[in-house]
Amino acid sequence: MNSVEIRRFADTDWPGVWDVWHEVVAAGESYDNDPASTETDARGHWLLAPPWEQWVAVEDGEVLGTYKVGPNKGRLGAHVANASFMVSSRARGRGLGRTLGEHCLDRARELGYAAMQFNAVVSTNTVAVRLWRSLGFIIVGTIPDGFQSTKHGLVDFHIMYRQL
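Residues numbered from 1 in each chain as written. Predicted model: local features only at pLDDT ≥ 70, side-chain atom pairs only at ≥ 80, totals over all residues. Heavy atoms only, no water.

Trainee: Please give an account of the overall build of the chain that cites residues and values.
Mentor: Along the backbone of the chain there are four helices and seven strands. Secondary structure elements of the chain occur, N-terminal to C-terminal, as β-α-α-β-β-β-α-β-α-β-β. Its C-alpha atoms give the chain a radius of gyration of 15 Å, near enough to 15 Å, the size a compact globule of 164 residues would have. Expressed as lengths along the three principal axes of its C-alpha atoms, the size of the chain is roughly 40 × 40 × 30 Å. Sorting the 164 residues of the chain into buried and exposed places 46% on the buried side. Expressed as a percentage of contacts within the chain between residues at least 6 apart in sequence, the contacts between residues at least 24 apart total 61%. Only carbon and sulfur atoms are counted for the fraction: they give 50% of the accessible area of the chain, which is about 8400 Å². Side-chain charges in the chain split into 16 positive and 19 negative, and the spacing between the mean points of these groups amounts to 7 Å. (Helix = DSSP H or I, 4+ residues; strand = E, 2+ residues; numbered from the N terminus. Rg over C-alpha atoms; globule rule 2.2 N^0.38 Å. Buried < 20%, exposed > 50% of the residue type's maximum accessible area, 1.4 Å probe, protein only. Contact = heavy atoms within 4.5 Å. Areas by Shrake-Rupley, 256 points an atom, 1.4 Å probe, with all protein chains shown as cover. Lys, Arg positive; Asp, Glu negative; His and termini not counted. Charge placed at Lys NZ, Arg CZ, Asp CG, Glu CD.)

This is how it looks when you write it as structure tokens:
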């Protein structure tokens, strides 16, 4: 992933982020958003106001992945970060998820978060579960049948956590 630049999201990145977002959400395998979500729905979900930040991974002018990071909960729980990640199928298997995950963990530390929590990692998304475990996350809880996979039906989702 040497030629990939990770940088803050700019408004001109939106068409590329939308392409990635739409591909990932329409698959119905890792996000609980409606697979038929509109571009307006996507903007409202992904482009949250500060203190949230959005980042993109760009190669040769093409957005290949994105993440957002911000507080998991309100004021008294805001010391724990939350993040969401999406990688285009055009970049899968190239280590971009790991690169984005490591970048996000570093950024969360820079922002002063004490820990990071993922609220809903779909159990059948074994690539993501394996990646987050390799980056030090543990499963602190599992919600049985908490996700309606378009391919597998009802499957579990995990709550994953790590200190920073």
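Let us keep going from here.
Trainee: Let's hear about the pattern of salt bridges: which residues, and what values?
Mentor: If you walk through the whole model with that rule in mind, you get nine salt bridges. The partner of E59 in a salt bridge is R94, with the nearest N and O atoms 2.9 Å apart. Taken as a pair, E59 in strand β2 (residues 53–59) and R94 in the loop between β4 (80–87) and α3 (96–110) lie far apart in primary sequence, 35 residues in all. A relative accessible area of 13% places E59 in the buried class. Between E102 and R98 there is a salt bridge, with the nearest N and O atoms lying 3.9 Å from each other. With E102 and R98 both in helix α3, this residue pair falls four residues apart, about one helical turn. Each of R8, E53, R107 and E110 takes part in a single network of salt bridges with overlapping partners. (Salt bridge = Lys/Arg side-chain N within 4 Å of Asp/Glu carboxyl O.)

Trainee: An account of helix α4 (residues 126–134) is requested, with residue identities and associated values reported.
Mentor: Along α4, the residues that are buried comprise A128, V129, L131 and W132. Viewed end-on, α4 has its buried residues packed into an arc of 165 degrees, placing them on one side of the element. Residues of α4 that are exposed and point more than 90 degrees away from the buried face comprise V127 and R130. Against the buried residues of α4 lie β4, α3, β5 (115–122), β6 (138–149) and β7 (153–163). At the exit of α4 stands G136, carrying a positive phi of roughly 95 degrees. (Arc of directions from axis to C-beta.)

Trainee: Provide a residue-level description of the layout of surface pockets, including the pertinent values.
Mentor: In this structure, the largest pocket encloses a volume near 1200 Å³. Forming the boundary of the largest pocket are 40 residues, of which S30, Y31, F85, N125 and A128 lie nearest the centre. Broken down by class, the residue content of the lining of the largest pocket amounts to 19 nonpolar, 13 polar and eight charged. (1 Å grid on protein atoms, 1.4 Å probe; cavity = no way out; pocket = protein on both sides within 12 Å on 5 of 7 lines; lining within 4 Å. Points joined across faces, edges and corners; volume = space filled by probe spheres on them. Nonpolar A, V, L, I, M, F, W, Y, C, P; charged D, E, K, R; others polar.)

Trainee: Outline unusual backbone geometry, supporting the account with residue identities and numerical values.
Mentor: Among all residues save glycine, negative phi is the norm, and among peptide bonds the norm is trans. Along the chain, P50 connects to P51 via a cis peptide bond; the corresponding omega equals 20 degrees. With respect to the secondary-structure elements, P51 resides in the loop between α2 (39–46) and β2.

Trainee: Describe the sheet that holds strand β3 (residues 62–71), and please don't skip the residues or the numbers.
Mentor: What holds strands together in a sheet is hydrogen bonding between their backbones, with the strands either parallel or antiparallel. Pairing is mixed in the open sheet, where seven strands are placed in the order β1-β2-β3-β4-β5-β7-β6. The open sheet has two free edges, formed respectively by β1 (5–8) and β6, since each of these has just one partner strand. This sheet shows a mean twist of 25 degrees between the axes of neighbouring strands, independent of strand direction. Sheet strands touched by helix α1 (residues 14–27): β2, β3 and β4. Its angle to β4, the strand with the most contacts, is close to 90 degrees. Across the sheet, α4 touches β4, β5, β6 and β7, and the angle it forms with β5 is around 165 degrees. (Pairing = 2+ DSSP bridges. Axes fitted to C-alpha atoms, helices over the stretch in contact; angles between N-to-C directions.)

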